[in-house]
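# A structural walkthrough
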Amino acid sequence: MIRPALLALLAATTTSAIGAEPLFSDGSAYPINDETLLTAGLATGDVDGDGDLDIVAASDLLANQIYWNDGKGQFSAPTWFGSNRSNTRSVTVADINADGLNDILEICRGTANLIHLNKGGGQFADPTPFGQPRDSTLAVAVADMNGDGQQDLVLANRDGQQNQILLGDGTLAFGTALPYGFGNDDTRGVAVADMNGDGMPDIVTANIGDRNQVILNRGGGVFEVVASFGGATAETYALAVADLNGDGHMDVVAGNDSSPTGVYLGDGTGQLALNAEIATHGPRTYVVAVGDFNGDGKPDIIVGSSGDAMVVYYQHRD
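The shown structure was predicted, so the numbers you read here are calculated from the model rather than taken from an experiment.

### Structural notes on the overall build of the protein chain
Looking only at helices and strands, the protein chain has one helix and 26 strands in total. Within the span of the protein chain, comprising 318 residues, buried residues form 53% of the whole. Contacts in the protein chain between residues far apart in sequence, at least 24 positions, make up 43% of those at least 6 positions apart. For the protein chain, the accessible surface area stands at approximately 12,800 Å², while carbon and sulfur atoms represent 49% of it.

See below:
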């Protein structure tokens with residue numbers, strides 16, 4: 001169920017964070033390797049259990065890749081997984097079955113979406129499908145959205161299909177669906193985080209043809225759009241959420257088509273203010289991810305572009 005917020009909130013433009021020091025101010029991009037694959041999806045997580053963040057990348061018409069982090073921000077040559085026939089659009093790293101190991105969710109165009117359960121030691125079980133093959137899903141976030149202790153799937157759909165939350169029951173079935181958004185959003189990316197500090201996971205969406213949205217979880221299956229951010233013509237393809245400046249509030253990184261990547265700082269109520277813009281690297285930013293990749297305690301940004309190398313932007317790198 002969607003309860004639209006006051007029109008004044010929806011119409012409000014995102015303003016610059018006046019007085020806040022711009023993050024990632026040097027604008028320097030550091031390639032993680034020499035690959036120039038068509039990166040369609042990107043996620044980070046400790047996949048091999050060694051305590052540092054690895055990178056999982058999805059490629060359209062190619063198998064997908066895992067880049068292993070050595071703990072100092074240096075990444076190995078890729079380990080390949082999946083099929084070159086899957087038409088992968090995005091990947092998500094999360095412990096979907098609560099066994100303490102991070103799994104990989106693969107979102108595919110025109111074929112079944114897949115869950116790759118982690119068996120440990122960098123090995124994965126045969127994939128389990130989820131969702132419907134005809135779904136126009138481009139991204140998924142994982143969180144317990146209804147407080148029942150089970151992981152749920154938050155789907156971002158395009159082509160006018162309703163965005164949905166698939167409720168988990170502990171069996172990887174995800175049979176019950178809850179709608180969110182306005183019903184006809186062309187959503188390309190989604191992230192889940194507590195944007196207003198009430199202890200419930202909220203939703204942030206990246207949209208085409210409309211502004212991006214912050215959607216607060218009010219409980220009981222009610223999700224309320226309280227803010228929009230970015231330009232109506234920015235065409236945001238991906239976003240990531242993290243506390244970038246250490247103030248306890250969740251911030252957003254938005255990757256756009258042919259315009260700079262935007263860094264937005266949150267105020268703890270669900271509202272966002274533009275803090276910095278990072279020059280576009282490559283013709284189109286398909287994916288962004290956030291994590292501390294060099295172990296200095298500061299969140300960094302990885303950007304994947306169309307036909308260009310994946311690069312890291314370090315936060316005030318020394």
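Don't stop here, the text continues.
### Some details on the pattern of salt bridges
Going through the model one piece at a time under the given rule, you end up with three salt bridges. Arg-188 is paired through a salt bridge with Asp-186; the nearest N and O atoms lie 3.0 Å apart. Accessibility expressed as a relative area gives 13% for Arg-188, which makes it buried. A residue is classified by how much of its surface remains accessible, and Asp-186, at 22% relative accessible area, is partly exposed.

### What to know about the sheet that holds strand 20 (residues 236-242)
Within the open sheet, the four strands sit side by side as 20-21-22-23. Their pairing is antiparallel. For this open sheet the edge positions go to strand 20 and strand 23 (272-278), each flanked by a neighbour on one side alone. Neighbouring strand axes in the sheet, compared pairwise and without regard to direction, differ in orientation by 25° on average.

### Describing the environment of Ile-55
Positionally, Ile-55 belongs in strand 3 (residues 54-59). Given a relative accessible area of 0%, Ile-55 falls into the buried group. Apart from residues no more than four positions distant in its own chain, Ile-55 is found in contact with Ile-32, Leu-42, Ala-43, Thr-44, Gln-65, Ile-66, Tyr-67, Phe-75, Phe-293, Ile-302 and Met-310.

### Comments concerning the sheet that holds strand 24 (residues 285-291)
Strand pairing in a sheet takes place through backbone hydrogen bonds and is either antiparallel or parallel in direction. Spatially, the four strands line up as an open sheet ordered 1-26-25-24, and their pairing is antiparallel. Strands at the two margins of the open sheet, each flanked by one partner only, are strand 1 (30-31) and strand 24. The sheet contact formed by strand 25 (residues 300-305) and strand 26 (residues 311-313) spans three bridges and is antiparallel. Residue pairing for strand 26: Ile-302 is matched across the bridge by Val-312.

### Digging into the side chain of Asp-54
If you trace the backbone, Asp-54 turns up in strand 3. Buried within the structure, Asp-54 lacks any salt-bridge partner; Lys-72 is the closest side chain of opposite charge, at an N-O distance of 15 Å. Side-chain polar atoms of Asp-54 contact the backbone nitrogen of Val-47, separated by 3.0 Å. Reaching out from Asp-54, the side chain makes a polar contact with the backbone nitrogen of Asp-48 at a distance of 3.5 Å. Not counting residues up to four positions away in its chain, the partners in contact with Asp-54 are Ala-43, Thr-44, Gly-45, Asp-46, Val-47, Asp-48, Tyr-67, Trp-68 and Asn-69.

### A few points about the layout of surface pockets
One way to see where empty space is left: roll a probe the size of a water molecule over the atoms. Taken as a whole, the largest pocket spans an internal volume of roughly 790 Å³. If you trace the largest pocket, you find 35 residues lining it, with Leu-42, Val-91, Val-190, Leu-239 and Val-288 closest to the centre. Here the lining of the largest pocket is built from residues that sort into 25 nonpolar, six polar and four charged.

### Describing the packing of aromatic side chains
Under the criterion given, the structure shown has four aromatic pairs. Each ring, one from Phe-81 and one from Phe-124, has its centre 6.4 Å from the other, and the planes form 25°; the classification is stacked. Separated by 43 residues along the polypeptide, Phe-81 in strand 5 (residues 79-81) and Phe-124 in strand 10 (residues 123-124) bring together distant segments of the chain. Under the relative-accessibility criterion, Phe-81 is labelled buried at 11%.

### Examining the side chain of Thr-92
The residue Thr-92 is located in strand 6 (residues 88-94) in this model. Classification of Thr-92 as buried rests on a relative accessible area of 12%. Within polar-contact distance, the side chain of Thr-92 engages the backbone oxygen of Val-140 at 2.6 Å. When residues no more than four places from it in sequence are discounted, the contact partners of Thr-92 are Ala-43, Asp-103, Ile-104, Leu-105, Val-140 and Val-142.

Rules behind the numbers
- Residues numbered from 1 in each chain as written.
- Predicted model: local features only at pLDDT ≥ 70, side-chain atom pairs only at ≥ 80, totals over all residues.
- Heavy atoms only, no water.
- Helix = DSSP H or I, 4+ residues; strand = E, 2+ residues; numbered from the N terminus.
- Buried < 20%, exposed > 50% of the residue type's maximum accessible area, 1.4 Å probe, protein only.
- Contact = heavy atoms within 4.5 Å.
- Areas by Shrake-Rupley, 256 points an atom, 1.4 Å probe, with all protein chains shown as cover.
- Salt bridge = Lys/Arg side-chain N within 4 Å of Asp/Glu carboxyl O.
- Pairing = 2+ DSSP bridges.
- Axes fitted to C-alpha atoms, helices over the stretch in contact; angles between N-to-C directions.
- Lys, Arg positive; Asp, Glu negative; His and termini not counted.
- Polar contact = N/O pair within 3.5 Å; in protein donor to acceptor, adjacent residues only side chain to side chain.
- 1 Å grid on protein atoms, 1.4 Å probe; cavity = no way out; pocket = protein on both sides within 12 Å on 5 of 7 lines; lining within 4 Å.
- Points joined across faces, edges and corners; volume = space filled by probe spheres on them.
- Nonpolar A, V, L, I, M, F, W, Y, C, P; charged D, E, K, R; others polar.
- Phe/Tyr/Trp six-rings, centres within 6.5 Å; stacked < 30°, edge-to-face > 60°.

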